[in-house]
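Letter by letter, the chains look like this.
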There are 2 protein chains.
Amino acid sequence: MTLKELAGLLGLSPTTVSRALGGYPEVSEETRRAVREAAAAHGYRPNRRAAALASGRAMAIGHVITTSETDELVNPVFADFLAGAGEVYAAAGYDMLMSVVPEDREDAAYAQMISARSVDGVILHGPRPGDPRVGLLQEAGLPFVVHGRAPETGSHDFVDVANTRAFRTATDHLLDLGHSRIALVNGPEAFDFASRRRRGWTEALEARHLAADLVRDGPMSEGNGYAFARQMLRDGATAFAVASHLMALGVRRAVQEAGLTLGDDVSVVMFDDELSYLRNDGDPPPFTAIRSSVRAAGRRCAEVLLARVAGPDGALIGEVWDCDLVLGASSGPSRNSSRRKTSA
Amino acid sequence: MTLKELAGLLGLSPTTVSRALGGYPEVSEETRRAVREAAAAHGYRPNRRAAALASGRAMAIGHVITTSETDELVNPVFADFLAGAGEVYAAAGYDMLMSVVPEDREDAAYAQMISARSVDGVILHGPRPGDPRVGLLQEAGLPFVVHGRAPETGSHDFVDVANTRAFRTATDHLLDLGHSRIALVNGPEAFDFASRRRRGWTEALEARHLAADLVRDGPMSEGNGYAFARQMLRDGATAFAVASHLMALGVRRAVQEAGLTLGDDVSVVMFDDELSYLRNDGDPPPFTAIRSSVRAAGRRCAEVLLARVAGPDGALIGEVWDCDLVLGASSGPSRNSSRRKTSA
DNA sequence: CTCCTTGTCCGAAACGCTTTGGATGGGCGA
DNA sequence: TCGCCCATCCAAAGCGTTTCGGACAAGGAG
């Protein structure tokens, strides 16, 4: 069933039918109703490919996700991010076009999306310093929003979480509990977000004239959480600021294996991406956490992008989202502090 | 830069240029080379929207993924599955169109994809008994492949893992180690794969005239793994067959909290979806596991679907993939068996 | 030398929609 | 009554490809 056929059935021109369905004003309400009914009755749905070609709008947003053998970090975040963005697209009638490529062909994937004109806009994940993709997109004039931040952010829209402040808060919380040997179990510091987290942790420690020396970073796996914590416990750590839920599970294992009790002998605060499959619920939740919703970030990125697609000349949007500290069972007053404070 | 412009530049007709680029035989090698060079020089890329409209092929495959608040199972599997499928699409020049919708609008999303003709084929996840989506797709004549199995499989292509056999193998392994109180920590049994896993576990136990009574099922979270195992340890379980890595982490925590040693006092075999961010490596790996690659499943589904898109009338493909048992540190000879065997 | 292939290439018609630029007729003010 | 405006509708021209049906010359068979 095509638009032309439907028009024939109704004794109208394709023009009028198209306008009636598209919500344009130059159609009488009566006609519009008749058209809508006929369309529903015959199960007519506009062919998006044709509409895209004629209108110049693809009604689709592109996402490039990379599959890397070594980097265990990206995947889990993507699922929830895409879920959030997808909700927004669906509500606005947009499709989501994904390009899944190995890391080394990422830039080519963006180039392809741009020149094939198969999307109206793009979301760019995890920008690197001096990212070539940004240049590509700006040259092509294709709207885009960056999820995360590169050092030179300023020429484009972006949405990010306040990583520095989050880890400042987490570390301050542990300091307030009386801890002084606070370790940082971090994600790979080549990533912007990880370096910001380290900065927050460092700031908090230095503000109290403590050394920021207990730190390890690497792919955010349970195994790394375990391995890092195990070593750091030997080095005298009594508290941990941890970059992800998965790593926190590893830290907990190390703590338990050492015969210590979480929230009593050792405190842990983790950054919680609130991945839906790794939820950290309960009352109190098992882990004290800095909560950030990747899903909400996905939603917000999509909203900003769609606004940019609708009106490319609006003011630049750069949002940095704060996160809340949610107290859980994994953090408590330092043992050392109560003992030593009296003796010191 | 359009095809027509490029043709003008070369002094050729659009027809010839299109054919030269498309690899059709009725173009001389000399012309073809000239066209290719000019296209590269001017950075020409065909407009996919126009090509799709003219050729009737969208060069895109649709995936519907659901975002459910309660179901914690689907998400993590999707990420890796999509990565696998995406590789295949990219290699074949196909795009991946995703529709992310709440569970209750899933069927509508399929209907939309079908009637908007924006894709050449669809992958259908986790079919339910008497799934309406199957009917929709068959009526519309849109090629599709099912990932997983519904009870009435037989009228369409599908790719699945041998869940029953996997858990039969896992349970047999534990039995061979001398365990007799073997618990099953399962995913929600409303899902086909979970009910098949239970069947495998049951078969193994009944073959040795043991009661298949130690079983709990629910969303595959770490918390559930912990809660289930904690209870089952009290009920006398000395070994566990576990439905996912995440649940296995929970089981391990329960075991450690009970002051027991994994692989010594208690044995665990888990089903490992090999999600890239939850990798289970090491030598020996920490967990004995039945290994199945979701990524490979994604790849295979995509291959089968593309074949079906190319030739809709080929023989039906139904593949059930076997999984290997990979020995790790979490399983070992039963203590009870060595003690009791001599006394019994 | 004619006729039929074969190898290359071209013109023009789709594909199904959007959109521009009228056309038509009724209602209004003067 | 005339002229103008507005509401409503339509015809036709694209959008950038693919593809069907030739056209034309060169070469081989008869």
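An unreviewed UniProt entry annotates chain A as RafR_1 protein of Jannaschia aquimarina.

Student: Just give me the short version of the sheet that holds strand β8 (residues 239-242) of chain B, but keep the residues and values in it.
Tutor: Residue and element names in this part refer to chain B. The 6 strands lie next to each other as β7-β6-β8-β9-β10-β12, forming an open sheet whose pairing is mixed. This sheet does not close on itself; its edge strands, each paired only once, are β7 (215-217) and β12 (324-326). When the angles between neighbouring strand axes are averaged without regard to direction, this sheet yields 15°. Looking at chain direction, strand β6 (residues 182-186) and β7 are connected through 3 bridges and run parallel. Looking across to β7, one finds that V185 is bridged to R216. Contacts from helix α8 (residues 163-176) reach β6, β8, β9 (267-272), β10 (288-291) and β12, with the element oriented near 165° to β9. Helix α11 (residues 245-257) rests against β6, β8 and β9 of the sheet, and its axis sits at about 160° to β9.

Student: Can you break down the domain arrangement of chain A residue by residue, with the values?
Tutor: Its domain assignment divides chain A into domain 1 (3-46), domain 2 (60-161 + 295-321) and domain 3 (163-293 + 325-343). With centres defined by C-alpha atoms, the gap from domain 1 of chain A to domain 3 of chain A works out at 61 Å.

Student: Can you break down the nonpolar core residue by residue, with the values?
Tutor: Grouped together as the largest cluster of nonpolar side chains are 56 residues, with contacts concentrated most on F240(A), V242(A), F240(B) and V242(B). Ranked by size, the runner-up nonpolar core spans 50 residues in total, among them V159(A), L306(A), A302(B) and V309(B).

Student: I'd like a description of the side chain of N186(B), backed by residues and values.
Tutor: All names here are of chain B. On the secondary structure map, N186 appears in strand β6. The class of N186 is buried, set by a relative accessible area of 0%. At 3.2 Å, the side chain of N186 forms a polar contact with the side chain of E189. When sequence neighbours within four positions are dropped, the list of residues in contact with N186 reads A194, R197, R198, R216, D217, G218, F228, A243 and M247.

Student: I'd like a description of the interface of chain B and chain A, backed by residues and values.
Tutor: At the junction of the two partners, chain B supplies 46 residues and chain A supplies 46 residues. Our count for the contact surface shared by chain B and chain A stands at 2 salt bridges. Across the chain B-chain A interface, the total number found is 13 residue pairs in polar contact (both at pLDDT 80 or more). Per-element tally for the side of chain B that touches chain A: the top contributor is helix α5 (residues 74-92) of chain B, with 9 residues. Here 3 bridges tie strand β2 (residues 95-102) of chain A to strand β2 (residues 95-102) of chain B, and the two strands are oriented antiparallel to one another. Looking across to β2(B), one finds that L97(A) is bridged to L97(B).

Student: Quick one: what's the story with the relation of the copies chain B and chain A, residue by residue and with numbers?
Tutor: What relates the pair of chain copies is a rotation about an axis plus a shift along that axis. Of the transformation placing chain B onto chain A, the axial shift is 0.0 Å and the rotation is 180°, giving an RMSD of 0.1 Å. Considering both components of the superposition, the chain copies are consistent with a two-fold axis. Of every C-alpha in chain B, the one belonging to L97(B) sits nearest the axis of rotation, 2.3 Å from it. With an isologous cut-off of 70% or more, the 100% of interface residues of chain B that recur at the interface of chain A puts this contact in the isologous class.

Student: Describe helix α3 (residues 29-41) of chain A, and please don't skip the residues or the numbers.
Tutor: Residues and elements named next belong to chain A. The first and last C-alpha atoms of α3 sit 18 Å apart over 13 residues, in line with the 18 Å expected at 1.5 Å per residue. When α3 is considered as a whole, its buried residues turn out to be R32, V35, A38 and A39. Buried residues in α3, looked at end-on, bunch into an arc of 135°, giving them a common side. Residues E29, E30, R33, E37, A40 and A41 are exposed on α3 and point more than 90 degrees away from its buried face.

Student: A description of α11(B) should follow, citing residues and the corresponding values.
Tutor: Taking 1.5 Å of rise per residue, the 13 residues of α11(B) would be expected to cover 18 Å, and the 18 Å separating its terminal C-alpha atoms lies within 8% of that figure. Listing the buried residues of α11(B) in full gives H245(B), L246(B), M247(B), A248(B), L249(B), G250(B), V251(B), R252(B), R253(B), A254(B) and V255(B). Each element contacted by the buried residues of α11(B) is listed here: α10 (222-234) and α11 (245-257) of chain A together with β6, α10 (222-234), β8 and β9 of chain B. Of the residues flanking the end of α11(B), it is G259(B), one or two places downstream, whose phi is positive at about 80°.

Student: Any chance you could break down the pairing of strand β8 (residues 239-242) of chain A for me, citing the residues and the numbers?
Tutor: All names here are of chain A. In β8, alternate side chains face the same way, and those of A239 and A241 on one face and F240 and V242 on the other are all buried. In this sheet, β8 lies alongside strand β6 (residues 182-186) in parallel orientation, the contact comprising 4 bridges. By the bridge assignment, A183 is partnered in β8 with F240. As defined by bridge partners, β8 adjoins strand β9 (residues 267-272) across 4 bridges and the pair is classed as parallel. Across the sheet, F240 pairs through a bridge with V268, a residue of β9. Regarding the hand of the β-α-β motif, the stretch spanning β8, α11 and β9 is right-handed.

Student: Tell me about the packing of aromatic side chains, residues and numbers included.
Tutor: Residue and element names in this part refer to chain A. Counted according to the given criterion, the structure contains 4 aromatic pairs over all chains. When the centroid spacing of 5.8 Å and the interplanar angle of 35° are considered together, the rings of F191 and F193 count as tilted. Taking relative accessible area as the criterion, F191 reaches 28% and is therefore assigned partly exposed. Classification of F193 by relative accessible area gives buried; the value is 17%.

Student: Account for empty space enclosed by the protein, naming residues and giving values.
Tutor: Summed over all chains, the structure comprises 8 cavities of 30 Å³ or more. Put simply, the largest cavity is a space of about 270 Å³. Surrounding the largest cavity, 16 residues form its lining, R49(A), S118(A), R49(B), A58(B) and S118(B) being those nearest its centre. For the lining of the largest cavity, the secondary-structure elements that each account for two or more residues are α4 (48-55) and β2 of chain A together with α4 (48-55) and β2 of chain B. Considered class by class, the residues forming the lining of the largest cavity number 8 nonpolar, 2 polar and 6 charged.

Student: So, the UniProt feature "domain: HTH lacI-type" (unreviewed entry) in chain A: which residues are in play, and what are the values?
Tutor: Residues annotated in UniProt with the feature "domain: HTH lacI-type" (unreviewed entry) correspond here to residues 1-55 of chain A. For residues 1-55 of chain A, the end-to-end C-alpha separation is 20 Å, with 69% helix and 0% strand making up the annotated structure.

Student: Would you mind going over the sheet that holds strand β10 (residues 288-291) of chain A in detail, with residue names and values included?
Tutor: All names here are of chain A. Read from one edge of the open sheet, 6 strands run β7-β6-β8-β9-β10-β12, paired in mixed fashion. Unpaired on one side and paired on the other, β7 (215-217) and β12 (324-326) mark the two borders of the sheet. Within this sheet the neighbouring strands show an average axis-to-axis angle of 15°, counted without direction. Contacts from α10 reach β6, β7 and β8, with the element oriented near 160° to β6. On the sheet, α11 packs against β6, β8 and β9 and is oriented at approximately 160° with respect to β9.

Conventions used here
Residues numbered from 1 in each chain as written. Chains lettered and ligands numbered in written order. Predicted model: local features only at pLDDT ≥ 70, side-chain atom pairs only at ≥ 80, totals over all residues. Heavy atoms only, no water. Pairing = 2+ DSSP bridges. Helix = DSSP H or I, 4+ residues; strand = E, 2+ residues; numbered from the N terminus. Axes fitted to C-alpha atoms, helices over the stretch in contact; angles between N-to-C directions. Contact = heavy atoms within 4.5 Å. Domains from an automatic or database assignment. Core = buried A, V, L, I, M, F, W, Y, C linked by side-chain atoms within 4.5 Å. Buried < 20%, exposed > 50% of the residue type's maximum accessible area, 1.4 Å probe, protein only. Polar contact = N/O pair within 3.5 Å; in protein donor to acceptor, adjacent residues only side chain to side chain. Salt bridge = Lys/Arg side-chain N within 4 Å of Asp/Glu carboxyl O. Least-squares fit on C-alpha atoms with pLDDT ≥ 70 in both. Expected span 1.5 Å × (residues − 1). Arc of directions from axis to C-beta. Right-handed = clockwise from strand over helix to strand, strands pointing away. Phe/Tyr/Trp six-rings, centres within 6.5 Å; stacked < 30°, edge-to-face > 60°. 1 Å grid on protein atoms, 1.4 Å probe; cavity = no way out; pocket = protein on both sides within 12 Å on 5 of 7 lines; lining within 4 Å. Points joined across faces, edges and corners; volume = space filled by probe spheres on them. Nonpolar A, V, L, I, M, F, W, Y, C, P; charged D, E, K, R; others polar. UniProt positions renumbered as here; feature names shortened; annotations may be inferred.

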